[in-house]
Amino acid sequence: MEKWDSNEGTSAFHVPEWMIQFADQKQEFNKRPTKIGRRSLSRSISQSSTDSYSSAASYTDSSDDETSPRDKQQKNSKGSSDFCVKNIKQAEFGRREIEIAEQEMPALMALRKRAQGEKPLAGAKIVGCTHITAQTAVLMETLGALGAQCRWAACNIYSTLNEVAAALAESGFPVFAWKGESEDDFWWCIDRCVNVEGWQPNMILDDGGDLTHWIYKKYPNMFKKIKGIVEESVTGVHRLYQLSKAGKLCVPAMNVNDSVTKQKFDNLYCCRESILDGLKRTTDMMFGGKQVVVCGYGEVGKGCCAALKAMGSIVYVTEIDPICALQACMDGFRLVKLNEVIRQVDIVITCTGNKNVVTREHLDRMKNSCIVCNMGHSNTEIDVASLRTPELTWERVRSQVDHVIWPDGKRIVLLAEGRLLNLSCSTVPTFVLSITATTQALALIELYNAPEGRYKQDVYLLPKKMDEYVASLHLPTFDAHLTELTDEQAKYLGLNKNGPFKPNYYRCLAPTPPLKTGKPG
């Protein structure tokens, strides 16, 4: 064993020869991993991760029953079988999660209490396609309390909490969703929500646009009878604008994604917290010193960058928009092209809403063990399809974590198969989702109760007064006290003392397509 030696009053430690050899071997290992060594390591990791408790596990992942929910005959306690979930017996666990979520969703609970007597959604038949989580359950039950009938499917094959879906089914909501659906299951669930004898939906609440397009293409007559569409994702909004531009949007639609209460809160603060949660649960990695490239510096990208920078990561940003690019530079991030850093970064995160942001060429050039994930709604940002080729080997490490192995032994760590990381692999902050969910509920109420002629067959933004109302409902949680304008101040600014305080065109970032703003209700 090496000893401490005294040298003119100072102490020095002689590094053992075995440590020098190990360091050299590690450098060589990272440069060019051998095929045999890599496969052996992967097998040991895979085995240990399945034998021990995974931090990403939940009731959702604990069932040993591999039978497809479509092949099961299930009924709730009231005898209804108008649902399809993983296991209706998990309802009690789901109900507890919903009750926890209610405590962090003050605005929805306040809206439920204030408007319950009026039933502003009486007669509304809402078909929804969103992430099915405890927070969504609070929204659905609020819509039900306001008089609506609801049928629901999931907008993501990995984000459904099975116990929450079971709790909703037990409460009488026709829910068709479970975690780990196949692509065929996904469309089957949407169709089961829509294609019901004697039930004609008149409102759509969508997240991504899949439900809207399914009805538009398969049930055109049903689509023409829809009174309004509410869409919350950038992907779904783009699809709505495409329909509108082509003259094929025959119903009014509300763009919730570009509401200030969505952009400035859900997109920013939700992602700022959930990006770390998703990466930690899936990879157990340390962020300090890691090199990360974030593709896109919109609100989602801003949240991801801020969180990673605070944890000590070295963060690069890619952008196409010079305004967002300048914001990234002034926030202290280095703006690069992906090709410039792809060989050196430890983590690649996409959050653009675009397609083929990370291509097979990029994936081929990544360093060994690079983590690749997506924080955008759609799974189109990473070219995952190009990885399903005979020369590459896929190894499941744990739930939502895959090693994709090249012939020379190099591997990347792909999370959630390129789908939305936070809702597929972890959870999201409930309070922030309360803001979005309240905005969605008000948008549904506005479209459903609007007099004929207020909204034409186009895409609209929620009136600014409603944005401010949603924000005001959340202030009591912080014991916050708004300052009121004096009559003189209001006159000086040309404002109503009660708002709105911002013009209708005010946005955190102006949306690309031209927008129409609904008149205040």
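These figures come from a predicted structure and were not determined experimentally. (Residues numbered from 1 in each chain as written. Predicted model: local features only at pLDDT ≥ 70, side-chain atom pairs only at ≥ 80, totals over all residues. Heavy atoms only, no water.)

*Asks:* Could you clarify how one ought to interpret unusual backbone geometry in this entry?
*Replies:* Residues apart from glycine generally show negative phi values, whereas peptide bonds are mostly found in trans. With an omega dihedral of 5 degrees, the bond running from glycine 499 to proline 500 counts as a cis peptide bond. If you trace the backbone, proline 500 turns up in the loop between α19 (487-493) and β18 (516-517). Of note in the backbone geometry, aspartate 284 takes a positive phi value of approximately 55 degrees without being a glycine. Checked against the element boundaries, aspartate 284 lands in the loop between α11 (260-283) and β9 (291-295). For glutamine 400, which is not glycine, the phi dihedral falls at a positive 70 degrees. Locating glutamine 400 in the fold gives a position in the loop between β14 (393-398) and β15 (401-405). (Helix = DSSP H or I, 4+ residues; strand = E, 2+ residues; numbered from the N terminus.)

*Asks:* Mind showing me how you'd approach the packing of helix α5 (residues 134-145) against helix α17 (residues 430-449) here?
*Replies:* The angle between the axes and the distance between the axes are what describe a pair of packed helices. Relative orientation of the contacting elements α5 and α17 amounts to 30 degrees, with a least axis distance of 10 Å. Taken together, the axes of α5 and α17 lie roughly parallel to each other. Every pair of crossing elements has a handedness; the one defined by α5 and α17 is right-handed. Contacts from Gln135, Leu139 and Leu143 in α5 reach Thr430, Leu433, Ala437, Gln440, Ala441 and Leu444 in α17. For the contact of α5 with α17, a count of residues per class yields six nonpolar, three polar and no charged. (Axes fitted to C-alpha atoms, helices over the stretch in contact; angles between N-to-C directions. Parallel < 35°, antiparallel > 145°, perpendicular 65-115°, else oblique. Left-handed = near helix turned anticlockwise from the far one by under 90°. Contact = heavy atoms within 4.5 Å. Nonpolar A, V, L, I, M, F, W, Y, C, P; charged D, E, K, R; others polar.)

*Asks:* Please explain the packing of aromatic side chains as it appears in this structure.
*Replies:* Here the distance between the centres and the angle between the planes together describe a pair of aromatic rings. Using the criterion set out here, one finds eight aromatic pairs in the structure. Summarising the aromatic geometry, the rings of phenylalanine 431 and phenylalanine 478 are spaced 5.3 Å apart at their centres and angled 85 degrees between planes, so their arrangement reads as edge-to-face. Here phenylalanine 478 lies in the loop between α18 (464-474) and α19 and phenylalanine 431 lies in helix α17, a separation of 47 residues in the sequence. Joined through ring pairs, the aromatic side chains of Phe186, Trp187 and Trp214 make up one cluster. Directly above the ring of phenylalanine 333 sits lysine 309, whose terminal nitrogen or CZ lies 5.1 Å from the centroid. (Phe/Tyr/Trp six-rings, centres within 6.5 Å; stacked < 30°, edge-to-face > 60°. Lys NZ or Arg CZ within 6 Å of the ring centre and 35° of its normal.)

*Asks:* Where do I start with the sheet that holds strand β11 (residues 334-335) in this structure?
*Replies:* Sheet strands associate in pairs through backbone hydrogen bonding, adopting either a parallel or an antiparallel arrangement. As summarised here, the arrangement of the eight strands in space is β11-β10-β9-β12-β13-β16-β15-β14, forming an open sheet in which the pairing is mixed. Each edge of the sheet is formed by a strand with only one pairing partner; in this case those strands are β11 and β14. Bridge analysis of strand β10 (residues 314-318) against β11 gives two bridges, and the strand direction is parallel. When the sheet's bridge partners are listed, valine 317 is paired in β11 with leucine 335. (Pairing = 2+ DSSP bridges.)

*Asks:* I would appreciate a short explanation of α5 in the present structure.
*Replies:* Structural remark: α-helix, 3.6 residues per turn; residues separated by three or four positions point the same way. The end-to-end C-alpha separation of α5 is 16 Å, in line with the 16 Å expected for twelve residues at 1.5 Å each. Counting buried positions over the twelve residues of α5 gives eleven, a clear majority of the element. Along α5, the positions that sit buried rather than exposed are Ala134, Gln135, Thr136, Ala137, Val138, Leu139, Met140, Glu141, Thr142, Leu143 and Ala145. Looking one or two places after α5, you find glycine 147, whose phi comes out positive at around 110 degrees. (Expected span 1.5 Å × (residues − 1). Buried < 20%, exposed > 50% of the residue type's maximum accessible area, 1.4 Å probe, protein only.)

*Asks:* Before we go on, may I ask you to explain the nonpolar core in this structure?
*Replies:* Soluble globular proteins tend to pack their nonpolar side chains together in the buried interior. Leu121, Ile126, Leu143, Trp152 and Val175 are the most contacted members of the largest nonpolar core, which has 56 residues in total. Taken together, the elements giving at least two residues each to this core come down to α3 (91-103), α4 (106-115), α5, β4 (149-154), α6 (162-170), β6 (203-206), α17 and α18. Considering each element in turn, this core owes the most residues, ten residues, to α17. Isoleucine 126 has contacts with Leu121, Leu143, Ala148, Gln149, Cys150, Arg151, Trp152, Trp199, Met203, Leu205 and Leu444, leaving out every residue within four places of it along the chain. Counting 32 residues, the second largest nonpolar core, distinct from the first, contains Phe287, Val317, Ala416 and Cys425. (Core = buried A, V, L, I, M, F, W, Y, C linked by side-chain atoms within 4.5 Å.)

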